Amino acid sequence: MASAEYSSVVQPLLTDLYQISMAYAYWKNNKHQDESAFDLYFRKNPFDGEFTLFAGLEECLKFVRDYRFQPSDIDYLRTVLPSYVENEFYEYLIQLDMKDIKIYSIPEGSVVFPRIPLLRIEGPIIKAQLLETTLLALVNFASLVATNAARFRATTGSDKTFHEFGLRRAQGPDGALSASKYCYLGGFDGTSNVLAGKLFGIPVKGTHAHAYVSSYKTMDDLKLRELRDQTTGEVRPFAQMCVDYLEKLVPILGFILDEANGGELAAFISYAIAFPTGFLGLVDTYDVLKSGVPNFLAVALALHECHYQAIGLRLDSGDLAYLSLEVRDRFTRTSVAFNIPTIKTLTIVASNDINENILISLEKQQHAIDTFGIGTHLVTCQKQPALGCVYKLVELNGSPRIKLSQDISKVTIPGRKNLFRLYGHDGKALCDLMTKMDEEEPKARTRILCRHPFLEKKRAYVTPSSVHAMYNLYWADGEIRHPLPTWEEARKFAQEQIQSLRKDHIRNLNPTPYKVSVTDELYSFMHQLWIESVPIGELS
């Protein structure tokens, strides 16, 4: 992908101390060259939903590509680790790179589900272990916020526009940049974050704040009052035109002229003079219907006479459904009265602490909003603050490894595995199927027994119309081996992935769980290993 580097924080020391401690223990015991395989996956879909968007792969690959301890890192580690740690270990670290690591992954932007490995990391155990914390950090939030964005996007029709406005509310600068980047992947159309626009090519959107409106007290505060006609080049008395149109709107909209705030009108006029082709007014500084909308429409009409087209207005408080309908009605009345069809279709933008439930409620109320600007609830993922990805050893020197637990969700699926997505005749995904590495690939139009990984009675035969292998080899021999899409291509792919699911899998209320299954051979293999790993108890 063609996005720029933006964080120097992502480096080998961005890890938990116990990774360094284990690395030393592996090295000390001459175990560091053992060949390992680790799976990175999550156990439960976020936000009480039944799907997740996988994100963060590009950053993972850049981290692995650039993985090198710096001399200052080694100097610091000498102050942290015990004094008896040998110099040879530090010399080993300073020479360490990830050229003999392999990373298999699902493509970024894929729809994914619990238990399926998103990444499989193969190579010397000391190196694979050192990657754990940072890879988790790069995938966890990226996938969480991309999924949050996709869920917001799914609440309404594709004709609506969504902009991410969360920079000032995000968890620090890196959190803000990540949120902007991955909300775009999840289906948002733009961001207010200028740096994110520069780094990732995301469309940047924004207009003005309440401070700009309240900085004008009366019409006397206007320094510029004229605007050059876009077609004729004639200099027009723009401020007076706006005042004249405001008076003409009184009988059409039924407001009292003295209730329209003069400072607000002056602010709108000045902003329109500055941005005649990009005028979008914030109309709730005083009173939306008695002041903001009339003042906005007066300026929009004057712009039209000067051969410019206003964009629309923004609502940032109040009953958004009711106000949007009232605003649209006033647009319509004005459009008819002045015979200007474009006034009727001016854009209505809504912000004001919007969350997923508010979006659903607005849909039920048949609002008239065209664009949503969403910040806090989107970028901070207030509904669920963490995805909970884990990184587990599944094979060592060709021997499978299993982690057992009384909590069945924490039992790992051992060994290196392949993953396939099975599709039905309607083109929708039916289920995901994990197989052992040495198993034959499932074939389209062939009956396949798919089993729940842990529940013996949950099984079904599936005859897919098509089968898609999910893994690509992305990193090997010290280089990225599989081409990465542009960020725009990744975003488009993510939207296609969501469309590949049945609607009942992505609905907000009581979504149908998507089936993640294993082959009969893998089921028997893992349960036999499970039995062998648990000693037989004895009663006395």
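Residues numbered from 1 in each chain as written. Predicted model: local features only at pLDDT ≥ 70, side-chain atom pairs only at ≥ 80, totals over all residues. Heavy atoms only, no water.

A. A look at helix 18 (residues 520-533). With 14 residues, helix 18 extends 20 Å between its outermost C-alpha atoms, agreeing within 8% with the 20 Å of an ideal straight helix rising 1.5 Å per residue. Among the residues of helix 18, L522, Y523, M526, H527, L529 and W530 are the ones counted as buried. Seen from one end, helix 18 has its buried residues packed into an arc of 155°, which puts them on one side. Exposed residues lying more than 90 degrees from the buried face of helix 18 are I531 and E532. Where the residues of helix 18 are buried, they touch strand 15 (399-400), strand 16 (417-423), strand 17 (429-436), strand 18 (448-451) and strand 23 (515-518). (Helix = DSSP H or I, 4+ residues; strand = E, 2+ residues; numbered from the N terminus. Expected span 1.5 Å × (residues − 1). Buried < 20%, exposed > 50% of the residue type's maximum accessible area, 1.4 Å probe, protein only. Arc of directions from axis to C-beta. Contact = heavy atoms within 4.5 Å.)

B. Region of the structure containing the packing of helix 11 (residues 288-305) against helix 12 (residues 320-338). For the pair helix 11 and helix 12, interaxial distance at closest approach is 11 Å and the crossing angle is 40°. One element, helix 11, and the other, helix 12, form an angle in the oblique class. Here helix 11 runs over helix 12; the crossing is right-handed. Listed contacts from helix 12 to V288, L289, V293, F296, L297 and L301 of helix 11 are Y322, L323, E326, V327, R330, F331, T334 and F338. (Axes fitted to C-alpha atoms, helices over the stretch in contact; angles between N-to-C directions. Parallel < 35°, antiparallel > 145°, perpendicular 65-115°, else oblique. Left-handed = near helix turned anticlockwise from the far one by under 90°.)

C. Expanded view of the pattern of salt bridges. Overall, the coordinates contain 29 salt bridges when judged by the stated rule. Its salt-bridge partner being D229, residue R236 comes within 3.7 Å of it at the nearest N-O pair. Take D229: its relative accessible area is 3%, and that puts it in the buried class. For D316, the salt bridge is made with R314, and the minimal N-O distance between the two is 3.5 Å. (Salt bridge = Lys/Arg side-chain N within 4 Å of Asp/Glu carboxyl O.)

D. Broad picture of the UniProt feature "domain: Nicotinate phosphoribosyltransferase N-terminal" (unreviewed entry) in the chain. In the numbering used here, UniProt assigns the feature "domain: Nicotinate phosphoribosyltransferase N-terminal" (unreviewed entry) to residues 13-140. For residues 13-140, the end-to-end C-alpha separation is 18 Å, with 44% helix and 16% strand making up the annotated structure. (UniProt positions renumbered as here; feature names shortened; annotations may be inferred.)

E. The arrangement of the sheet that holds strand 14 (residues 390-396) in detail. A sheet is described by the order of its strands in space; here seven strands give the open sequence 15-14-1-5-3-21-22, paired in antiparallel fashion. Strands with a single pairing partner mark the edges of an open sheet, and in this sheet they are strand 15 and strand 22 (479-480). Pairing of strand 1 (residues 35-41) with strand 14, which is carried by six bridges, proceeds in the antiparallel orientation. Each bridged residue has a counterpart across the sheet, and for L40 the counterpart in strand 14 is Y391. Most of the contacts of helix 2 (residues 57-65) go to strand 21 (residues 472-476), to which it runs at about 25°, and overall it touches strand 3 (102-105), strand 5 (119-124), strand 21 and strand 22. With respect to the sheet, helix 5 (residues 125-154) is in contact with strand 1, strand 5 and strand 14, its orientation differing from that of strand 5 by roughly 155°. (Pairing = 2+ DSSP bridges.)

F. Seen up close, the UniProt feature "domain: Nicotinate phosphoribosyltransferase C-terminal" (unreviewed entry) in the chain. The UniProt feature table records "domain: Nicotinate phosphoribosyltransferase C-terminal" (unreviewed entry) at residues 416-525. In residues 416-525, helix accounts for 21% and strand for 35%; the two terminal C-alpha atoms are 12 Å from one another.

G. Representation of unusual backbone geometry within the structure. The backbone phi angle of F47 is positive, close to 60°, even though this residue is not glycine. With respect to the secondary-structure elements, F47 resides in the loop between strand 1 and strand 2 (52-53). Overall, the relative accessible area of 1% leaves F47 in the buried class. Its identity is not glycine, yet H307 carries a phi of approximately 65°, on the positive side. Judged by its relative accessible area of 41%, H307 is partly exposed.

H. Geometry of the sheet that holds strand 13 (residues 371-374). Here we have six strands laid out as an open sheet, ordered 7-6-13-12-11-10, and parallel in their pairing. At either margin of the open sheet sits one strand with a lone partner, and together these are strand 7 (190-191) and strand 10 (280-282). Each of strand 11 (312-315) and strand 12 (347-350) is contacted by helix 12, which is oriented at about 160° to strand 11, the strand it contacts most.

I. Expanded view of the environment of R333. Take R333: it is sitting in helix 12. The partly exposed category is assigned to R333, whose relative accessible area is 30%. Along the backbone, R333 and P71 are 262 residues apart, and their C-alpha atoms lie at a distance of 71 Å. When near neighbours in sequence (up to four residues on either side) are disregarded, R333 contacts I252 and L253.

J. Expanded view of the pairing of strand 11. Pairing geometry for strand 10 and strand 11, over three bridges, is parallel. Counted as the bridge partner of L280 is G312 from strand 11. Read from strand 10 through helix 11 to strand 11, the crossover connection turns out right-handed. Here four bridges tie strand 11 to strand 12, and the two strands are oriented parallel to one another. Considered in strand 12, the bridge of L313 is made with I348. (Right-handed = clockwise from strand over helix to strand, strands pointing away.)

K. Here's a closer look at the packing of helix 9 (residues 238-253) against helix 10 (residues 262-274). Two numbers describe how helix 9 lies on helix 10: the axes approach to 10 Å, and their chain directions differ by 135°. For the element pair helix 9 / helix 10, the angle class is oblique. Seen along the crossing, helix 9 lies across helix 10 with a hand that is right-handed. Seen from helix 9, the contacting residues are F238, A239, C242, V243 and L246; seen from helix 10, they are L265, I269, A272 and I273. Across the contact of helix 9 with helix 10, the residue classes break down as nine nonpolar, no polar and no charged. (Nonpolar A, V, L, I, M, F, W, Y, C, P; charged D, E, K, R; others polar.)

L. Geometry of the packing of aromatic side chains. Tallied over the entire structure, the rule returns 19 aromatic pairs. Judged by centre distance (4.9 Å) and plane angle (20°), the rings of F38 and Y391 are stacked. Here F38 is found in strand 1, whereas its partner Y391 is found in strand 14, with 353 residues between them in sequence. The class for F38 is buried, based on a relative accessible area of 3%. Measuring from centroid to centroid gives 5.7 Å for Y182 and W487, while their planes differ by 75°, and the two rings are edge-to-face. Of the two residues, Y182 sits in helix 6 (residues 172-185) while W487 sits in helix 16 (residues 487-499), which places them 305 residues apart along the sequence. Joined through ring pairs, the aromatic side chains of Y24, W27, F89 and Y90 make up one cluster. Across the ring face of Y471, the terminal group of R120 is positioned such that the distance to the ring centre comes to 5.7 Å. When the ring centre of W487 is taken as origin, the NZ or CZ atom of K181, which lies over that ring, is 4.9 Å away. (Phe/Tyr/Trp six-rings, centres within 6.5 Å; stacked < 30°, edge-to-face > 60°. Lys NZ or Arg CZ within 6 Å of the ring centre and 35° of its normal.)

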